[in-house]
Amino acid sequence: MSQRKFKGYFVQREVLDEIRLDEVAQKGTWSVKPRLGERVKESLRCSGPRLKHILLSWIPVLGWLPRYSFRENAVGDLISGCSVGIMHLPQGMAYALLASLRPVFGLYTSLYPVLVYFIFGTSRHISIGTFAVISIMIGSVTERLAPDSNFIVNGTNGTETVNLDERDAYRVQIACSLTVLAGIFQILLGVVRFGFVVTYLSEPLVRGYTTGSACHVCVSQLKYLFGVSPARFAGPLSLIYTLVDLCKLLPQTKVPELVVSLVALSVLIVVKEVNACYRQKLPLPVPIELIVIIAATIITHFCGLTDKYYIDVVGEIPSGLKAPRAPDATLFSKVLGDAFAVAIVGYAINISLGKTFALKHGYKVDSNQELVALGLSNTVGGFFQCYSVTSSLSRSLVQESTGGKTQVAGLISSIIVLIAVLKIGSLFEDLPKAVLSTIVFVNLKGMFKQFMDVPSLWKTNKVDLLVWLVTFTSTILLNLDLGLAVSIGFSMLTVIFRTQLPHYSILGNVPGTDLYLDTEKYKEAKEIPGIKIFRSSTTIYYTNAEMYLEVLQEKSGIEIGKLLTAKKKQQAKQKRKQEKEKKKAKKEEKKQKKAVKHLANGTFSLKESEISKRKVSEETNGQRQGNGVALTLKETTANGLGNGQVNWAYQPDTTMSESDSDSDTGCHGDESITQVSHHSDEGKGRACGSGTHSIILDISTTSFVDSVTVKTLKNIFRDFGEVDLEIYLAGCQACVVEQLETAGFFSESIPKSRLFVTVHDAVLHILNKLGQKDFMLDMSCNTQM
């Protein structure tokens, strides 16, 4: 295979620090955003076009319905609406059992909310109505607040029975109150433009949660499949307890109901697989769910299966519509947390499906308006004895595949449901509940296929796999409400840990380029002698600022604490030496005075010579004091370089005893090795081992800075500066520069000239400052200095 060659490019420009960049790029101080007062005035301004825009944004049907094309959309929407309406009938009745309500309330839920979404929704392809996950969440609340044990009455023969009518009526009140409260939450979040909250529910979290919910749905329907009545459990591990109780009751299985379930399940599975295999050839999918419930109802009614084998059936289904009724507000406090969970989960499922279809068909879905539309669907539906709704994947796929183009398909499906409620609902009174449970089982296939996410995530992203597994496990063990809270908390923790434990790297230059890459991952990336380039993979803020400083010292091999301690020891040592020399000088002076007293006039010349010697000694001491508290330098006389400065950062942490310190007057073996710079332009010494004199902090990945970050960077400049290390910043974004200016980061000790546009600019500046022209030429930068 021939190696692919790319064309090169040539860039010639000057080295730019932040000050020079502002001049070259002509940074402006103006603001393109309107002021707060102007925005308030604009929001309060009333005009015809503005009123029209508000109406169209809040009531989307006024925008698209007048432009509806009958020629292009009518036939597809009609066929699609009829197909989805036929699906609504069996699914509505089946999912009502999941909510522990009578089947007719599932039909109501498939009617009113769909009409509301037709007016306020923005997605053209999703099918609003009953959904397994939301239904089981509602059912967990209704059974917790209205268990059978609260409605036990004494029978005629002294037996205890459950007052089903009173129990079901109270459960309807609970479901409606929860639905209205969830709708209010959704409306409020949509009005304040809080639709982005769903972004905190990642795709692995939603898929893990729906898979765990599918397991709850599956277990809840086993009692209809086997014809048994397990005890009701609530709280953590309720799913496990229910499964154990079901296993104990298996010997009491009603064989007729099991046979009905297995026959219906077999037929549904076979025909649905045929629909899937031949969906391109079939004009419409075979409505097998409707066919099965019609056939099961007819067989049960005419064969008398209810009387002969005591098969549990749906029972009375009242015809007609009920008047709206206000929910019981006293129940709001009892369902507050559950309502919020239902609101968030329902919206997450709805917007994910809506955006999927919008992306596929090239139109836009307004996330905030979707939140308002779903909230209005729930709120209005709650007044008409409906429970919470969201979009269904199976119905939405049918609506799209059968030619649905607009929300008119949803309107037609609701008309089909309305006809069923008004005229033919009562005909399904002999429908076995076992058949409805098999419909639920078959429609869980898509959710159970999400188990295939596990091997896929194992290969692609193990953190997302961990989120999926924790969400699934917590949903199974802790129930739906606590499971959602735990999974969201864990998902947030993974984000925190990812930013708290980023990847840190030392960068090196790729020869002949201006690229700087991780030296541990790229062989050709070579460190520049004397310069350490340090980068973090994420934003520096209060959770990782301390670790940033620690890893900087570790990667650069410079331990600030030890170096500062060593410097203080050397300062103390030098101070003690100076004090000893002063004491010595005083003693000599006293001796000289005594000598003067004992000597006669003939010793005057000797006194004069002693005084001159003392002056020479004092001048020598003054020169030593003028050099500061530097460590003892090796005498360098070659080329006149004996006056170089010493870099305190590279003095070892000596642990000499005081006696040794007092007795030593020069370097002590390898414990106090120093090296003077051999370039007078450097101005700073180099370490014996690494020779580092400058550190560049690449903060191009930082998107914001907080007060802790500013303080940490100031400390880095201060501490490293005290040990004669030059610190530079590179790649800082404009918004971050503004935040640094606001926080008072720049000063005389940290001028803006320490901030460079790129790492390469900073490197060239350092090399030019040190006078290393030869190395700059090797880098082939083509840069004007």
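Structure: above.
All values derive from a computational prediction rather than experimental measurement.

Caption draft 1: How the structure looks around the overall build of the chain. When its secondary structure is counted, the chain shows 30 helices and 10 strands. When each of the 785 residues of the chain is scored for burial, the buried share is 45%. Restricting to contacts in the chain with at least 6 residues of sequence separation, those with at least 24 account for 79%. Working note: accessible area of the chain is about 41,500 Å², and carbon and sulfur atoms make up 59% of it.

Caption draft 2: Here's a closer look at the packing of aromatic side chains. Here the structure, examined in full by the defined rule, presents 19 aromatic pairs. Each ring, one from Phe-233 and one from Tyr-241, has its centre 5.7 Å from the other, and the planes form 45°; the classification is tilted. Pairwise contacts between aromatic rings join Phe-448, Phe-451, Trp-468 and Phe-472 into one cluster. The ring of Tyr-363 has Arg-124 sitting right over it, with the charged end atom 4.3 Å from the ring centre. Above the face of the Trp-458 ring, Lys-462 is positioned so that its terminal group lies 4.6 Å from the ring centre.

Caption draft 3: Quick look at the pattern of salt bridges. If you walk through the whole model with that rule in mind, you get 24 salt bridges. Put simply, Arg-498 and Asp-464 hold a salt bridge, and the shortest N to O gap is 3.8 Å. Salt bridges sharing common partners tie together Arg-102, Asp-148, Asp-165, Arg-167, Asp-168 and Arg-171.

Caption draft 4: A look at the pairing of strand E8 (residues 694–698). Burial analysis of E8 places 5 of its 5 residues in the buried class, the great majority of the element. Neither face of E8 is left uncovered, since the one carrying Ser-694, Ile-696 and Asp-698 and the one carrying Ile-695 and Leu-697 both have all their residues buried. Direction of pairing for strand E7 (residues 531–536) relative to E8: parallel, over a ladder of 5 bridges. Counterpart to Ile-531 in the pairing with E8 is Ser-694. Here 5 bridges tie E8 to strand E9 (residues 726–730), and the two strands are oriented parallel to one another. Bridging across to E9, Ile-696 finds its partner in Tyr-728. Crossover handedness for the path E8 to helix H27 (residues 707–722) to E9: right-handed.

Caption draft 5: Region of interest: the nonpolar core. Counting 84 residues, the largest nonpolar core has Met-137, Ile-293 and Leu-436 as the members making the most contacts within it. Examining the composition of this core, we find that 9 residues originate from one element, helix H10 (residues 203–226), more than from any other. Residues in contact with Leu-436, not counting those within four places in the same chain, are Pro-90, Met-93, Ala-94, Leu-97, Ile-293, Val-314 and Leu-431. Within the second largest apolar cluster, 33 residues are counted, among which are Phe-534, Ile-540, Val-737 and Ile-750.

Caption draft 6: Examining the sheet that holds strand E6 (residues 516–518) more closely. On the basis of which strands lie adjacent, the open sheet formed by 6 strands has the order E6-E5-E7-E8-E9-E10 and mixed pairing. The open sheet has two free edges, formed respectively by E6 and strand E10 (755–756), since each of these has just one partner strand. Alignment of strand E5 (residues 504–509) against E6, held across 3 bridges, turns out to be antiparallel. Considered in E6, the bridge of Leu-507 is made with Asp-518.

Caption draft 7: Highlighting unusual backbone geometry. The phi dihedral of Tyr-310 is positive, around 55°, even though this residue is not glycine. Along the chain, Tyr-310 falls in the loop between helix H14 (305–309) and helix H15 (336–361). The exposure class assigned to Tyr-310 is exposed, which follows from its relative accessible area of 62%. For Gln-385, which is not a glycine, the phi torsion comes out positive at approximately 60°. In this structure, Gln-385 sits in the loop between helix H16 (367–383) and strand E4 (390–391). Classification of Gln-385 by relative accessible area gives buried; the value is 9%.

Caption draft 8: Structural view of the side chain of Ser-100. As for its position among the elements, Ser-100 is in the loop between helix H5 (70–98) and helix H6 (103–109). Using a relative accessible area of 11% as the deciding quantity, one classes Ser-100 as buried. Side chain to side chain, Ser-100 and Glu-143 meet in a polar contact 2.4 Å long. Leave out the neighbours within four places in its chain, and Ser-100 touches Gly-139, Thr-142, Glu-143 and Arg-171.

Caption draft 9: Quick peek at helix H28 (residues 734–742). Every buried residue belonging to H28 is among Val-736, Val-737 and Leu-740, and all of these are buried. In an axial view of H28, the angular spread of the buried residues amounts to 105°, which keeps them on one side of the axis. In this structure, H28 carries Ala-734 and Thr-742 as exposed residues pointing more than 90 degrees from its buried face. Those residues of H28 that are buried lie in contact with helix H1 (18–24), H27 and E10. Just past H28, the residue Gly-744 takes up positive phi, approximately 70°.

Caption draft 10: Structural view of the pairing of E9. In terms of residue burial, E9 counts as a mostly covered element, since 5 of its 5 residues are buried. Alternating positions in E9 separate into two faces, Glu-726, Tyr-728 and Ala-730 on one and Ile-727 and Leu-729 on the other, with burial throughout. As defined by bridge partners, E9 adjoins E10 across 2 bridges and the pair is classed as parallel. Paired with Ala-730 across the strands is Phe-756, a residue of E10. Handedness of the E9-H28-E10 crossover: right-handed.

Caption draft 11: Structural detail: the packing of helix H8 (residues 132–145) against helix H9 (residues 164–191). Interhelical geometry of H8 versus H9 gives an angle of 130° and a closest axis separation of 9 Å. Considered as vectors, H8 and H9 are oriented oblique to each other. Judged by the sense of rotation from one axis to the other, the crossing of H8 with H9 is right-handed. Facing H8, whose interface residues are Ile-138, Val-141, Thr-142, Glu-143 and Leu-145, H9 presents Tyr-170, Arg-171, Ile-174, Ala-175 and Leu-178. Broken down by class, the residue content of the contact of H8 with H9 amounts to 7 nonpolar, 1 polar and 2 charged.

Caption draft 12: Representation of the side chain of Lys-532 within the structure. Note that Lys-532 resides in strand E7. Given the relative accessible area of 14%, Lys-532 is considered buried. There is a polar contact of 3.0 Å between the side chain of Lys-532 and the side chain of Glu-527. Residue contacts for Lys-532: discarding those within four places in its chain leaves Glu-527, Lys-555, Ser-556, Thr-692, Ser-694, Ile-695 and Ile-696.

Caption draft 13: Representation of the environment of Ile-696 in the model. The residue Ile-696 is located in strand E8 in this model. Owing to a relative accessible area of 0%, Ile-696 belongs among the buried residues under this scheme. Counting along the chain gives 66 residues from Ile-696 to Ala-762, while the straight-line C-alpha distance between them is 7.3 Å. Dropping the residues within four chain positions of it, Ile-696 is found in contact with Ile-531, Lys-532, Ile-533, Phe-534, Tyr-728, Ala-730, Val-759, Ala-762, Val-763 and Ile-766.

Caption draft 14: Representation of a nonpolar patch on the surface within the structure. Residues Ile-54, Trp-58, Val-191, Val-192, Phe-194, Phe-196 and Tyr-200 make up a contiguous nonpolar surface patch of about 620 Å² in total accessible area. Here Val-192 shows up in the loop between H9 and H10. By relative accessible area, Val-192 is classed as exposed at 54%.

Caption draft 15: Fine view of a positive patch on the surface. A grouping of Lys-582, Lys-583, Lys-586, Lys-587, Lys-590, Lys-591, Lys-593, Lys-594 and Lys-597 is seen on the molecular surface, where their side chains present a positively charged patch. For Lys-586, the position within the fold is in helix H24 (residues 560–598).

Caption draft 16: Up close: helix H11 (residues 238–249). Taking 1.5 Å per residue, 12 residues should reach 16 Å; H11 reaches 16 Å between its end C-alpha atoms and fits that length. Residues Ser-238, Leu-239, Thr-242, Asp-245, Leu-246 and Leu-249 constitute the buried set of H11. Burial along H11 is one-sided: seen end-on, the buried residues are contained in an arc of 125°. Those residues of H11 that are exposed and aimed more than 90 degrees away from the buried face are Cys-247 and Lys-248. Taken together, the buried residues of H11 touch H10 and helix H22 (462–500).

Conventions used here
Residues numbered from 1 in each chain as written. Predicted model: local features only at pLDDT ≥ 70, side-chain atom pairs only at ≥ 80, totals over all residues. Heavy atoms only, no water. Helix = DSSP H or I, 4+ residues; strand = E, 2+ residues; numbered from the N terminus. Buried < 20%, exposed > 50% of the residue type's maximum accessible area, 1.4 Å probe, protein only. Contact = heavy atoms within 4.5 Å. Areas by Shrake-Rupley, 256 points an atom, 1.4 Å probe, with all protein chains shown as cover. Phe/Tyr/Trp six-rings, centres within 6.5 Å; stacked < 30°, edge-to-face > 60°. Lys NZ or Arg CZ within 6 Å of the ring centre and 35° of its normal. Salt bridge = Lys/Arg side-chain N within 4 Å of Asp/Glu carboxyl O. Pairing = 2+ DSSP bridges. Right-handed = clockwise from strand over helix to strand, strands pointing away. Core = buried A, V, L, I, M, F, W, Y, C linked by side-chain atoms within 4.5 Å. Polar contact = N/O pair within 3.5 Å; in protein donor to acceptor, adjacent residues only side chain to side chain. Arc of directions from axis to C-beta. Axes fitted to C-alpha atoms, helices over the stretch in contact; angles between N-to-C directions. Parallel < 35°, antiparallel > 145°, perpendicular 65-115°, else oblique. Left-handed = near helix turned anticlockwise from the far one by under 90°. Nonpolar A, V, L, I, M, F, W, Y, C, P; charged D, E, K, R; others polar. Patch = residues over 30% accessible without salt bridge, like charges linked within 9 Å, V, L, I, M, F, W, Y side chains within 5 Å. Lys, Arg positive; Asp, Glu negative; His and termini not counted. Charge placed at Lys NZ, Arg CZ, Asp CG, Glu CD. Expected span 1.5 Å × (residues − 1).

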